[in-house]
Amino acid sequence: MVAAGLVVLTAGPAHAGFATTGTEPAYPYAQPVDASVPKRGCATTLSDPTNASASIPAVQVIYAWHEGYGNRYNDVVEQIAKIVDRMDWSVDESTNYDQHINFSCRTGYNTSTYSGYAQALVIPEKIEGGTIGSEIAADVVADDLAAAGYDNANRRYVVFEDFSEGTAQGHCGQVCLATADEWDSGTILHELVHLSDADHAKATEVPETVDVSDVMSSQWDNWNLDQEFNSYYDPSELTARFPNYGLAVNVATTPWFTSPVCCDVGYSNDLLTAEERGIESVAPSGYPAGFTLSGGGWMQVTPQGPDAQVSARYFDGRRSLTMNVQSWSEGVLSLTRKPAVTAGQRYKFFARVTTATSGNVKLRLSWYNSSNALISNSDSSTYALNSNWQEYSVSAVAPSGAATAQLSVVSPSGQTFAYVLDSLQLNHCNNGKTTDGCRLDGLLPYTY
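Model, not experiment: these values are computed from the prediction.

Participant: Please explain the state of the cysteines as it appears in this structure.
Facilitator: Each disulfide consists of a covalent bond between the sulfur atoms of two cysteine residues. For the coordinates displayed, the defined rule picks out 3 disulfides. In this model, Cys172 is linked to Cys176 through a disulfide, with the two sulfur atoms separated by 1.8 Å. Since a negative S-S torsion denotes a left-handed disulfide, the Cys172-Cys176 link at about 120° is right-handed. The disulfide that involves Cys429 links it to Cys438, with 1.9 Å between the sulfurs. With the S-S bond torsion at 95°, the cross-link from Cys429 to Cys438 turns out right-handed. The class for Cys438 is buried, based on a relative accessible area of 0%.

Participant: Looking at this structure, I do not really get the nonpolar core. What am I missing?
Facilitator: If you look at soluble globular proteins, the nonpolar side chains tend to sit buried side by side. Grouped together as the largest cluster of nonpolar side chains are 39 residues, with contacts concentrated most on Ile80, Ile101, Leu121, Phe160 and Leu192. Those elements that provide at least two residues to this core are strand S3 (58-65), helix H1 (73-93), helix H2 (114-121), strand S6 (155-161), strand S7 (168-172), strand S8 (176-180) and helix H4 (185-194). Take this core: its biggest share by element is 9 residues, from H1. The residues contacting Phe160, other than those within four sequence positions of it, are Val61, Ile62, Tyr63, Ala64, Ile80, Ile83, Val84, Ala180, Trp183 and Ile188. Grouped together as the second largest cluster of nonpolar side chains are 35 residues, Leu335, Phe349, Val394 and Ala405 included.

Participant: Just checking my understanding: could you explain the pattern of salt bridges for this structure?
Facilitator: Side chains that differ in charge, positive against negative, can pair when their charged atoms come close. By the definition in use, this model includes 7 salt bridges. With its nearest N and O atoms 2.8 Å apart, the salt bridge here joins Arg337 to Glu276. In this pair, Arg337 sits in the loop between strand S14 (331-335) and strand S15 (346-354) while Glu276 sits in helix H5 (residues 274-277), placing the two residues 61 residues apart along the sequence. With relative accessibility at 35%, the residue Arg337 sits in the partly exposed group. The exposure class assigned to Glu276 is buried, which follows from its relative accessible area of 8%. With a closest N to O distance of 2.7 Å, Asp379 and Arg364 form a salt bridge. In this pair, Asp379 is assigned in strand S17 (residues 374-379) and Arg364 in strand S16 (residues 359-368), connecting sequence segments 15 residues apart. Classification of Asp379 as partly exposed rests on a relative accessible area of 33%. Judged by its relative accessible area of 12%, Arg364 is buried. Look at the salt bridges and you will find they share partners, linking Glu67, Lys126 and Glu128 into a network.

Participant: Would you take a moment to explain the packing of H1 against H4 for this structure?
Facilitator: Any two packed helices are characterised by the angle at which their axes cross and by the distance between the axes. One can describe the packing of H1 onto H4 by two numbers: an axis separation of 9 Å at closest approach and a directional angle of 65°. Helix-helix and strand crossings are classified by hand; for H1 and H4 the assignment is right-handed. On H4, the residues that touch Ile83, Arg86, Met87, Ser90 and Val91 of H1 are Ser185, Ile188, Leu189 and Leu192. Tallied by class, the residues present in the contact of H1 with H4 amount to 6 nonpolar, 2 polar and 1 charged.

Participant: Got a minute to help me understand the pairing of strand S19 (residues 390-397) in this structure?
Facilitator: The side chains of a regular strand alternate between both faces of the sheet. Most of S19 is tucked away, with 6 of its 8 residues classed as buried. Pairing between S15 and S19: 8 bridges, direction antiparallel. Following the sheet pairing, Arg346 is matched in S19 by Val397.

Participant: What should I look at first to understand unusual backbone geometry in this one?
Facilitator: With glycine set apart, most residues show a phi of negative sign, and most peptide bonds adopt trans. Positive phi, close to 80°, is recorded for Ser285, a residue that is not glycine. By the element assignment, Ser285 lies in the loop between H5 and strand S11 (291-295). A relative accessible area of 45% places Ser285 in the partly exposed class. Of note, Ser423 is a non-glycine position whose phi angle comes to about 55°, a positive value. Relative to the assigned elements, Ser423 resides in strand S21 (residues 417-428).

The rules behind the values
Residues numbered from 1 in each chain as written. Predicted model: local features only at pLDDT ≥ 70, side-chain atom pairs only at ≥ 80, totals over all residues. Heavy atoms only, no water. Disulfide = S-S within 2.5 Å. Buried < 20%, exposed > 50% of the residue type's maximum accessible area, 1.4 Å probe, protein only. Core = buried A, V, L, I, M, F, W, Y, C linked by side-chain atoms within 4.5 Å. Helix = DSSP H or I, 4+ residues; strand = E, 2+ residues; numbered from the N terminus. Contact = heavy atoms within 4.5 Å. Salt bridge = Lys/Arg side-chain N within 4 Å of Asp/Glu carboxyl O. Axes fitted to C-alpha atoms, helices over the stretch in contact; angles between N-to-C directions. Left-handed = near helix turned anticlockwise from the far one by under 90°. Nonpolar A, V, L, I, M, F, W, Y, C, P; charged D, E, K, R; others polar. Pairing = 2+ DSSP bridges.

Purely geometric stuff here, so don't read any function into it on its own.
Encoded structure:
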């Protein structure tokens, strides 16, 4: 868990007069189709939520009030429940798999109505140590919760503060809690995910913009739960771990989330493994596992270096591959494994590529029949690389007889340079959410 102390995300400006609306739903998150946010429901129900030792691991929602500002529980309980429901929806929508947050409720309410459900889900608690109108440390809230009995190791506490201002915080000590004074599903989900040992990623998939194909887990455009490359959150590979700032985690395995169930098709429907999307198991400067090379050039896991230049730790926590291009022949860098495809259906290959100098590459989908004989290639246009981490793609329909596809990055002959490759993805374009069934391109560059 997060070490005792704080993991802090600075939230937006303090809400005027404690009108705790945050930016919900004004900021451009992906939104549920039903604007009322259908309730997820309770994973466990207890008569005494402070006695949860025999219960399943779950998230307990707390409305934290202070006598200096008053108890507005009846006025805001449904608002809080809808924000919490949106958090759960975001978790579900952020992968190709069906997964939810386990919520703990209390007995004594008619959960067939939204009002009753909200009151069962959200528990009011007076915070004695709070200070009206100024910042309050998370451990002060944690101490008050512990004194009231909310200190169970089976619980993570999501706390909606109604009296302080400043920052949203994640804290694990005697009590593990995510707390915020600006009530916003992205911000509070962000802090909850911190409690799974996930630190800040380095960028969004589409920096400086909001990409609606992603589910944001920050009210600002600086961190996602899932970057469409499943950087932390790939339930199809629960044994995978993704290095980030000295940690190695997979949020999908967190016990207060439900077990992932295949297949709740999202925007990406990625057909690659975690190791194929990045280069996780091989140390910097080693030979990349799972990749093959033909023609001019040689490859290695990118040597360790500062983030401002090239690094064995790309911005979302994965290692990268360096291809040293030689001029005497076309260089073809490929994934060794050929994922299965269905003839007549569309697929899209994405990769992020950068170079410290200049050079040209193209992406290639090679189609093979059931006897592993090459049928044809589908090439992208030739891309002129630069020093930004740019995402490129090629999309094509699998031809008649195609059974598998190989993914390659091709460097035309006559060049001598090095490029760095990361964040590969093979998208089966059947999500039913975009025009062509593929996830949206993220073509804006990332600069350090």
